[in-house]
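Residues per chain, in single letters:
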Amino acid sequence: MPTTLTPPTAQPPVGSIAPGAESLAQSYDPPVRGPVLLGNDGFSATDATFRAAKAVAERLGTGVEVVGVLEPFPSYLSAPEIPILPPDVESARRETIHTAIARRLEAMGGGAEQWPILVVYGEPARTLAGVAREHESSMIVVGAGRREQRGRVVFGGDRALRVVRSANRPVLVVAPDFHELPKTVVVGIDFSPPSVRAARAALLLVGTEGRLVLVHVRPAIDLMPSPIPTIGSQSYDALVAVWRRQAEADAAQLFEHLRDELRPYVPAGVTVETRTRGGAVLSQLLGVADDVGAEMIAVGTHGPGVVERFFLGSVATNALRASGRTVLVAPPPSPVEAARIDLRLRGTTTITRADDWEPALEAFSKRNAGRRVRLEVDDPELGAQVQQAGFALLGVSYDHHDRRIEIMLGDPADNTRHLTRTIAHADDVAFYAGPEERERALRIERGRGQTLLTFLD
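Before going into details, it helps to say that this report is about the structure given with it. Every residue gets a number counted from 1 within its own chain, in the order that chain's sequence is written. In keeping with the model being predicted, local features are shown solely for residues with a pLDDT of at least 70 and side-chain atom pairs are shown and tallied solely at 80 or more, while totals for entire chains, interfaces and linings include all residues. Excluding hydrogens and water, the side-chain values take into account all heavy atoms of the structure.

## Quick notes on the overall build of the chain
Strands are runs of DSSP state E lasting at least 2 residues, helices are runs of H or I lasting at least 4, and numbering of each runs from the N terminus. The number of helices and strands found in the chain is ten helices and 20 strands. Remark: exposure states derive from per-residue accessible area (1.4 Å probe, protein chains only) relative to the maximum for the residue type, with buried under 20%, exposed over 50%, and partly exposed in between. When burial is assessed residue by residue, the chain has 47% of its 457 residues classed as buried. Two residues qualify as a contact provided that any one of their heavy atoms is within 4.5 Å of a heavy atom in the partner residue. For the chain, the share of sequence-separated contacts (at least 6 apart) that also reach a separation of at least 24 residues comes to 71%. Each accessible area is a Shrake-Rupley result for a 1.4 Å probe, and residues are judged covered by the shown protein chains and nothing else. Summed over its atoms, the accessible surface of the chain is roughly 22,400 Å², and 52% of this surface lies on carbon and sulfur atoms.

Shown next, in the form of structure tokens:
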């Protein structure tokens, strides 16, 4: 008897999906629910953000809400001689912003004068992001700011970057020359869930008869002389050549899966192209944008923390500051959606963060309830053994108090017979899927042991 369980390599015959179950292909991201949120104080030098918000809202079939943020005056605790401003000064500032926005909307016409205006108090970036969450806004629209001669975006641009870092929904940073939805959009793709979300969000904004260009940039390999002329039986250059061929093959396969993922959401008349480049990500992305005449670039971010700061510093921030175009920045999707995207593109995903297990396992149960399974347990002392085969999956749950995962199975022919497998103090959860848009296995690891749930239908 083998002592190690491995996920099945062949996809079992596909049966009918259980009533009420969802297909792995079903997605709700990026969500289009509430209005487009336009951040503007009414004093910008261009109407580009107003035009962009209107065009996006018309495309999405939603309304527009305009938010002006009243920034607090800085306080100087070490300078008590500075007088406290009377309340009527704040009221006057609020009224000034409201009036300025109303005048701009009235001048635009076409129904813009009916857009609701909200003037709120606080730090602009966090306040805009907070209002967007409260109102379930589909997208945030802000201006790109003006440029200095050296090309660095200042004022609105730096503020836009702070909005991007604070928001949990797509942010459209509008260039001053925006007049209509872009005909050509370039999307930076690394096949991660955030980049797929950026592509999905960009498809919402591509103009009629437009095109979406997906660009994957392979990391550059500096072919410096190797201190070892051969590695095993192959030379260093031969190994690099093999790596490049494999990377190209992998990218081609992932692009094929990505096309399948995007196909249901591509508007009629819009074409999707793919490009692969090697080198520095930003320069290659901007180079393709110049070649195809793209009016907009879309990128994804990888969430808060060190990774987010590194990614924003290397791609999204520089795209905002150097592209000279409208930039769409998409935040990472929810853990459930991220797992679904990885399954669709790569066939597997592992979730190590315990806080994400509950929603991921709940979605897994909803997609696969009623399917017949085989339950195998690999114990380092007892070896691998089949605990049950033929029962139907009732559900998988997670209790965060002791990191306990429970797999519940039942006899489809006798509802009085059931089995529950409990794994306490689990270490990670892995999902596996086949090409037919159905999951084929769930693996839960604990220490040196693991539990494998394989679907039989």
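## Re the sheet that holds strand 5 (residues 171-174)
Pairing between strands requires that DSSP locate at least two bridges from one strand to the other. Across the sheet, which stays open at both edges, the ten strands sit in the order 3-2-1-4-5-12-11-6-7-10 with mixed pairing between neighbours. Because the sheet does not close on itself, it has two edges, and the strands there are strand 3 (117-121) and strand 10 (271-278). The average undirected angle you get between the axes of adjacent strands in this sheet is 25 degrees. Here strand 6 (residues 184-188) pairs with strand 7 (residues 211-218) via five bridges, running parallel. The residue bridging Val-187 from the neighbouring strand is Leu-214, located in strand 7. Where helix 6 (residues 236-262) meets the sheet, its contacts fall on strand 7 and strand 10, and the angle it forms with strand 7 comes to roughly 150 degrees. Axis definition: a line fit to C-alpha positions, over the contact stretch in the case of helices; interaxial angles, taken between N-to-C directions, run 0 to 180 degrees.

## Considering the packing of helix 5 (residues 193-203) against helix 6
In the contact formed by helix 5 and helix 6, the axes pass within 11 Å of each other and the chain directions differ by 40 degrees. Judged by the angle between their axes, helix 5 and helix 6 are oblique. In terms of crossing hand, the pair formed by helix 5 and helix 6 is right-handed. Residue-level contacts link Val-196, Ala-199, Arg-200 and Leu-203 of helix 5 to Leu-258, Glu-261 and Leu-262 of helix 6. An angle below 35 degrees is treated as roughly parallel, one above 145 as roughly antiparallel, one from 65 to 115 as roughly perpendicular, and anything else as oblique. Should the near helix be turned counterclockwise from the far one by less than a right angle, the crossing is left-handed, whereas a clockwise turn marks it as right-handed.

## Re the pattern of salt bridges
Salt bridge, as used here: a side-chain nitrogen of Lys or Arg that lies within 4 Å of a carboxyl oxygen of Asp or Glu. Applying the stated criterion across every chain, the model contains 24 salt bridges. Note that Glu-273 and Arg-275 form a salt bridge whose closest N and O atoms lie 3.3 Å from each other. One salt bridge connects Glu-406 with Arg-404, and the closest N-O pair in it is separated by 3.5 Å. Overlapping salt bridges, with partners in common, bring together Arg-200, Glu-261, Glu-337, Arg-340 and Arg-344 in one network.

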